[in-house]
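Chain residues, written in single-letter form:
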Amino acid sequence: MAGLSRDGQGPIIGKLESQIYCIKYTLFCFNVVLWLFGLSIFALCLWICVEPGFNEWMKILELQKFFIGIYIILIGTLGIMVVAFLGCGSALMENIKLLYIYIASQIGLFVFGLVGACVLLDFSTYDSSIQPIIKDVLVRLINNPMHEGSREILRMVQEGIGCCGADGPMDYLNLNKPLPSECRDSVTGNAYFHGCVDELTWYLEGRTGWLAGIVLASCMICIINSVMSLVLIQAVKKEEEEAIVYKN
(Lines give C-alpha, C1' and ligand atoms only; values in the text may rest on other atoms or scores of the structure.)
Protein backbone atom coordinates (compact mmCIF):
# COMPACT_ATOMS: atom_id res chain seq x y z
CA MET A 1 0.00 0.00 0.00
CA ALA A 2 1.29 3.44 -0.90
CA GLY A 3 2.91 5.28 2.00
CA LEU A 4 3.11 2.17 4.20
CA SER A 5 6.50 0.69 5.07
CA ARG A 6 6.58 -2.91 3.90
CA ASP A 7 9.94 -3.92 5.34
CA GLY A 8 9.75 -6.95 7.59
CA GLN A 9 6.08 -7.69 6.89
CA GLY A 10 6.58 -11.29 5.74
CA PRO A 11 7.45 -13.18 2.57
CA ILE A 12 3.95 -12.97 1.01
CA ILE A 13 3.83 -9.18 1.28
CA GLY A 14 7.40 -8.96 0.00
CA LYS A 15 6.43 -11.02 -3.04
CA LEU A 16 3.34 -8.89 -3.66
CA GLU A 17 5.46 -5.76 -3.35
CA SER A 18 7.77 -7.03 -6.09
CA GLN A 19 4.80 -7.88 -8.34
CA ILE A 20 3.20 -4.49 -7.78
CA TYR A 21 6.48 -2.73 -8.50
CA CYS A 22 6.86 -4.64 -11.77
CA ILE A 23 3.24 -4.06 -12.88
CA LYS A 24 3.07 -0.37 -12.09
CA TYR A 25 6.32 0.51 -13.86
CA THR A 26 5.35 -1.61 -16.86
CA LEU A 27 2.05 0.28 -16.92
CA PHE A 28 3.97 3.54 -16.63
CA CYS A 29 6.09 2.61 -19.67
CA PHE A 30 3.03 1.61 -21.70
CA ASN A 31 1.44 4.97 -20.92
CA VAL A 32 4.55 6.76 -22.15
CA VAL A 33 4.34 4.75 -25.39
CA LEU A 34 0.61 5.54 -25.65
CA TRP A 35 1.33 9.25 -25.17
CA LEU A 36 3.96 9.14 -27.95
CA PHE A 37 1.47 7.35 -30.21
CA GLY A 38 -1.08 10.04 -29.40
CA LEU A 39 1.40 12.77 -30.28
CA SER A 40 2.22 11.04 -33.60
CA ILE A 41 -1.46 10.65 -34.47
CA PHE A 42 -2.12 14.29 -33.60
CA ALA A 43 0.75 15.44 -35.83
CA LEU A 44 -0.43 13.25 -38.76
CA CYS A 45 -4.01 14.52 -38.44
CA LEU A 46 -2.86 18.14 -38.42
CA TRP A 47 -0.62 17.50 -41.43
CA ILE A 48 -3.52 16.04 -43.40
CA CYS A 49 -5.87 18.87 -42.38
CA VAL A 50 -3.55 21.80 -43.09
CA GLU A 51 -1.44 20.53 -46.00
CA PRO A 52 -1.42 23.25 -48.70
CA GLY A 53 -3.59 22.36 -51.69
CA PHE A 54 -5.07 19.17 -50.24
CA ASN A 55 -8.00 20.89 -48.54
CA GLU A 56 -8.77 22.82 -51.71
CA TRP A 57 -8.85 19.60 -53.72
CA MET A 58 -11.19 17.92 -51.26
CA LYS A 59 -13.48 20.96 -51.22
CA ILE A 60 -13.57 21.21 -55.02
CA LEU A 61 -14.39 17.51 -55.36
CA GLU A 62 -16.96 17.70 -52.53
CA LEU A 63 -15.13 15.06 -50.49
CA GLN A 64 -15.38 16.73 -47.08
CA LYS A 65 -16.74 13.45 -45.62
CA PHE A 66 -13.16 12.21 -45.76
CA PHE A 67 -12.38 14.50 -42.81
CA ILE A 68 -15.07 13.06 -40.49
CA GLY A 69 -12.82 10.21 -39.38
CA ILE A 70 -9.87 12.59 -39.09
CA TYR A 71 -11.79 14.88 -36.72
CA ILE A 72 -12.99 11.93 -34.58
CA ILE A 73 -9.42 10.65 -34.29
CA LEU A 74 -8.11 14.15 -33.55
CA ILE A 75 -10.51 14.55 -30.61
CA GLY A 76 -9.68 11.07 -29.35
CA THR A 77 -5.98 11.83 -29.56
CA LEU A 78 -6.34 14.76 -27.18
CA GLY A 79 -8.03 12.38 -24.76
CA ILE A 80 -5.19 9.86 -25.14
CA MET A 81 -2.54 12.41 -24.22
CA VAL A 82 -4.48 13.59 -21.14
CA VAL A 83 -5.43 10.09 -19.94
CA ALA A 84 -1.84 8.86 -20.33
CA PHE A 85 -0.83 11.25 -17.52
CA LEU A 86 -3.71 9.95 -15.39
CA GLY A 87 -2.49 6.41 -15.98
CA CYS A 88 1.06 7.23 -14.94
CA GLY A 89 -0.07 9.02 -11.78
CA SER A 90 -2.64 6.43 -10.69
CA ALA A 91 -0.17 3.57 -11.25
CA LEU A 92 2.67 5.21 -9.32
CA MET A 93 0.37 6.19 -6.45
CA GLU A 94 -1.39 2.79 -6.48
CA ASN A 95 -4.67 4.66 -6.08
CA ILE A 96 -7.51 2.20 -6.65
CA LYS A 97 -10.21 4.81 -7.37
CA LEU A 98 -8.03 6.58 -9.93
CA LEU A 99 -7.16 3.23 -11.50
CA TYR A 100 -10.87 2.43 -11.96
CA ILE A 101 -11.40 5.85 -13.57
CA TYR A 102 -8.37 5.19 -15.76
CA ILE A 103 -9.75 1.79 -16.88
CA ALA A 104 -13.08 3.39 -17.82
CA SER A 105 -11.29 6.09 -19.80
CA GLN A 106 -9.17 3.50 -21.60
CA ILE A 107 -12.28 1.58 -22.66
CA GLY A 108 -13.83 4.85 -23.87
CA LEU A 109 -10.71 5.74 -25.85
CA PHE A 110 -10.63 2.24 -27.34
CA VAL A 111 -14.19 2.62 -28.63
CA PHE A 112 -13.54 6.19 -29.82
CA GLY A 113 -10.35 5.21 -31.65
CA LEU A 114 -11.98 2.15 -33.23
CA VAL A 115 -14.92 4.20 -34.50
CA GLY A 116 -12.59 6.91 -35.83
CA ALA A 117 -10.40 4.38 -37.66
CA CYS A 118 -13.43 2.62 -39.16
CA VAL A 119 -14.98 5.89 -40.37
CA LEU A 120 -11.62 7.03 -41.78
CA LEU A 121 -11.09 3.77 -43.67
CA ASP A 122 -14.69 3.80 -44.90
CA PHE A 123 -14.07 7.14 -46.61
CA SER A 124 -10.53 6.63 -47.92
CA THR A 125 -9.99 3.08 -49.17
CA TYR A 126 -10.71 1.03 -52.28
CA ASP A 127 -14.33 -0.20 -52.52
CA SER A 128 -15.30 2.17 -49.68
CA SER A 129 -18.12 4.72 -49.39
CA ILE A 130 -15.93 7.46 -50.86
CA GLN A 131 -15.78 5.93 -54.35
CA PRO A 132 -19.44 6.49 -55.34
CA ILE A 133 -19.12 10.10 -54.17
CA ILE A 134 -16.00 10.65 -56.29
CA LYS A 135 -17.66 9.01 -59.30
CA ASP A 136 -20.81 11.16 -59.06
CA VAL A 137 -18.74 14.35 -58.91
CA LEU A 138 -16.51 13.39 -61.86
CA VAL A 139 -19.40 12.25 -64.07
CA ARG A 140 -21.16 15.54 -63.34
CA LEU A 141 -18.02 17.47 -64.33
CA ILE A 142 -17.60 15.44 -67.54
CA ASN A 143 -21.23 16.10 -68.47
CA ASN A 144 -20.71 19.85 -68.10
CA PRO A 145 -17.81 20.60 -70.48
CA MET A 146 -19.10 24.06 -71.38
CA HIS A 147 -18.56 25.30 -67.84
CA GLU A 148 -15.05 26.73 -67.48
CA GLY A 149 -14.82 25.73 -63.81
CA SER A 150 -15.72 22.11 -64.59
CA ARG A 151 -13.08 21.89 -67.33
CA GLU A 152 -10.42 23.39 -65.05
CA ILE A 153 -11.20 21.01 -62.19
CA LEU A 154 -11.06 17.99 -64.50
CA ARG A 155 -7.81 19.21 -65.99
CA MET A 156 -6.25 19.65 -62.54
CA VAL A 157 -7.34 16.19 -61.38
CA GLN A 158 -6.45 14.28 -64.55
CA GLU A 159 -3.11 16.01 -65.07
CA GLY A 160 -2.13 16.05 -61.42
CA ILE A 161 -2.92 12.40 -60.68
CA GLY A 162 -2.50 10.85 -64.13
CA CYS A 163 -5.97 9.46 -64.73
CA CYS A 164 -8.82 9.71 -67.21
CA GLY A 165 -12.55 10.04 -66.57
CA ALA A 166 -14.28 8.44 -63.64
CA ASP A 167 -13.63 4.77 -64.51
CA GLY A 168 -11.40 5.27 -67.57
CA PRO A 169 -11.31 6.78 -71.09
CA MET A 170 -14.52 4.97 -72.04
CA ASP A 171 -16.47 7.43 -69.88
CA TYR A 172 -15.86 10.14 -72.48
CA LEU A 173 -16.65 7.85 -75.40
CA ASN A 174 -19.86 6.53 -73.81
CA LEU A 175 -21.01 10.10 -73.22
CA ASN A 176 -20.01 11.16 -76.77
CA LYS A 177 -17.45 13.60 -75.42
CA PRO A 178 -14.03 14.25 -76.98
CA LEU A 179 -11.08 12.82 -75.08
CA PRO A 180 -9.21 15.81 -73.57
CA SER A 181 -5.45 16.15 -73.96
CA GLU A 182 -4.86 15.86 -70.21
CA CYS A 183 -6.21 12.30 -70.44
CA ARG A 184 -3.12 11.31 -72.41
CA ASP A 185 0.40 10.60 -71.21
CA SER A 186 2.59 13.51 -72.27
CA VAL A 187 5.42 11.12 -73.25
CA THR A 188 3.69 8.20 -74.99
CA GLY A 189 0.53 9.99 -76.08
CA ASN A 190 -1.56 7.02 -74.90
CA ALA A 191 -4.68 7.56 -72.82
CA TYR A 192 -4.34 6.80 -69.12
CA PHE A 193 -5.73 3.35 -68.38
CA HIS A 194 -7.01 3.96 -64.84
CA GLY A 195 -9.96 6.17 -64.02
CA CYS A 196 -9.76 9.00 -61.49
CA VAL A 197 -12.00 7.18 -58.99
CA ASP A 198 -9.38 4.46 -58.45
CA GLU A 199 -6.43 6.85 -58.59
CA LEU A 200 -7.96 9.29 -56.11
CA THR A 201 -8.84 6.43 -53.75
CA TRP A 202 -5.28 5.09 -53.87
CA TYR A 203 -4.06 8.65 -53.30
CA LEU A 204 -6.22 8.92 -50.17
CA GLU A 205 -5.19 5.44 -49.00
CA GLY A 206 -1.56 6.52 -49.04
CA ARG A 207 -2.37 9.33 -46.63
CA THR A 208 -4.53 7.38 -44.21
CA GLY A 209 -2.97 3.90 -44.10
CA TRP A 210 -0.26 4.73 -41.56
CA LEU A 211 -2.65 6.88 -39.54
CA ALA A 212 -5.25 4.12 -39.22
CA GLY A 213 -2.52 1.62 -38.34
CA ILE A 214 -1.18 3.77 -35.48
CA VAL A 215 -4.72 4.41 -34.20
CA LEU A 216 -5.49 0.67 -34.10
CA ALA A 217 -2.16 0.01 -32.36
CA SER A 218 -3.13 2.64 -29.77
CA CYS A 219 -6.46 0.88 -29.27
CA MET A 220 -4.59 -2.35 -28.56
CA ILE A 221 -2.40 -0.57 -26.00
CA CYS A 222 -5.55 0.79 -24.31
CA ILE A 223 -6.79 -2.77 -23.80
CA ILE A 224 -3.40 -3.90 -22.47
CA ASN A 225 -3.35 -0.94 -20.07
CA SER A 226 -6.85 -1.78 -18.85
CA VAL A 227 -5.90 -5.41 -18.15
CA MET A 228 -2.68 -4.41 -16.35
CA SER A 229 -4.60 -1.85 -14.28
CA LEU A 230 -7.07 -4.53 -13.18
CA VAL A 231 -4.18 -6.80 -12.23
CA LEU A 232 -2.57 -3.95 -10.30
CA ILE A 233 -5.83 -3.25 -8.43
CA GLN A 234 -6.13 -6.89 -7.42
CA ALA A 235 -2.50 -7.00 -6.30
CA VAL A 236 -2.87 -3.82 -4.21
CA LYS A 237 -6.06 -5.15 -2.58
CA LYS A 238 -4.37 -8.46 -1.85
CA GLU A 239 -1.40 -6.66 -0.31
CA GLU A 240 -3.71 -4.61 1.91
CA GLU A 241 -5.50 -7.78 3.09
CA GLU A 242 -2.20 -9.54 3.81
CA ALA A 243 -0.95 -6.50 5.72
CA ILE A 244 -4.05 -6.57 7.96
CA VAL A 245 -3.70 -10.31 8.54
CA TYR A 246 0.01 -9.96 9.31
CA LYS A 247 -0.64 -7.19 11.86
CA ASN A 248 -3.28 -9.25 13.60
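Counting restarts for each chain, with residues numbered from 1 along the sequence as it is written. Per-residue local features are limited, in this predicted model, to residues with pLDDT of at least 70; the limit for side-chain atom pairs, both in listing and counting, is 80 or more; totals at the level of whole chains, interfaces and linings are taken over all residues. No hydrogens and no water enter the side-chain calculation; it runs on all heavy atoms of the structure.

### Remarks on the state of the cysteines
When the sulfur atoms of two cysteines come within 2.5 Å, that pair is taken as a disulfide. Following the criterion strictly, the structure yields two disulfides and no others. Each disulfide pairs two cysteine sulfurs, and for C163 the partner residue is C196, the sulfurs being separated by 2.0 Å. On the sign convention where negative is left-handed, the bridge of C163 and C196, at about 90° about the S-S bond, is right-handed. Of this pair, C163 sits in the loop between α6 (148–161) and α7 (170–174) while C196 is found in helix α8 (residues 196–247), placing the two residues 33 residues apart along the sequence. Both residues of the pair, C163 and C196, count as buried. Only runs of H or I of at least four residues qualify as helices and only runs of E of at least two qualify as strands under DSSP, and these elements are numbered from the N terminus. Summary of the burial criterion: residues with accessible area below 20% of their type's maximum are buried, those above 50% are exposed, and those between are partly exposed, where the area comes from a 1.4 Å probe applied to protein chains only.

### Things to note about the UniProt feature "transmembrane region" (unreviewed entry) in the protein chain
UniProt positions are given in the numbering used here, feature names are shortened, and annotations may be inferred rather than shown by experiment. Following the UniProt record, one finds the feature "transmembrane region" (unreviewed entry) at residues 25–50, 70–92, 99–123 and 210–233. Here residues 70–92 is 100% helix and 0% strand, with 33 Å between the C-alpha atoms at its ends. Secondary structure within residues 99–123 divides into 96% helix and 0% strand; the distance between the first and last C-alpha atoms comes to 36 Å.

### Points about the nonpolar core
Residues enter a nonpolar core if they are buried and are Ala, Val, Leu, Ile, Met, Phe, Trp, Tyr or Cys, with the set joined through side-chain atoms within 4.5 Å. Core analysis: the biggest nonpolar cluster contains 39 residues, and L61, F66, F67, I70, L138 and L211 have the highest contact counts within it. Going through the elements one at a time, α1 (11–50), α2 (54–60), α3 (66–93), α4 (96–122), α5 (130–142), α6 and α8 are the ones with two or more residues in this core. With eight residues, the single largest contributor to this core is α8. Only heavy atoms enter the contact rule, under which two residues are in contact if any of them lie within 4.5 Å. Apart from the residues within four sequence positions on either side, F66 is in contact with I48, F54, M58, L120, F123, S124, L204 and T208. In terms of nonpolar packing, the next biggest core, distinct from the first, is built from 19 residues, L27, L99, I221 and V236 among them.

### Digging into the packing of aromatic side chains
Aromatic pairing here means that ring centres of Phe, Tyr or Trp (its six-membered ring) are within 6.5 Å. Orientation follows from the plane angle: under 30 degrees is stacked, over 60 is edge-to-face, and everything else is tilted. Applying the stated criterion across every chain yields a total of five aromatic pairs. Here the aromatic rings of W35 and F85 are separated by 6.3 Å at their centres, their planes lie at 70°, and the arrangement is edge-to-face. On the criterion of sequence distance, the pair formed by W35 in helix α1 and F85 in helix α3 is long-range, its members being 50 residues apart. F85 sits in the exposed class, given a relative accessible area of 58%.

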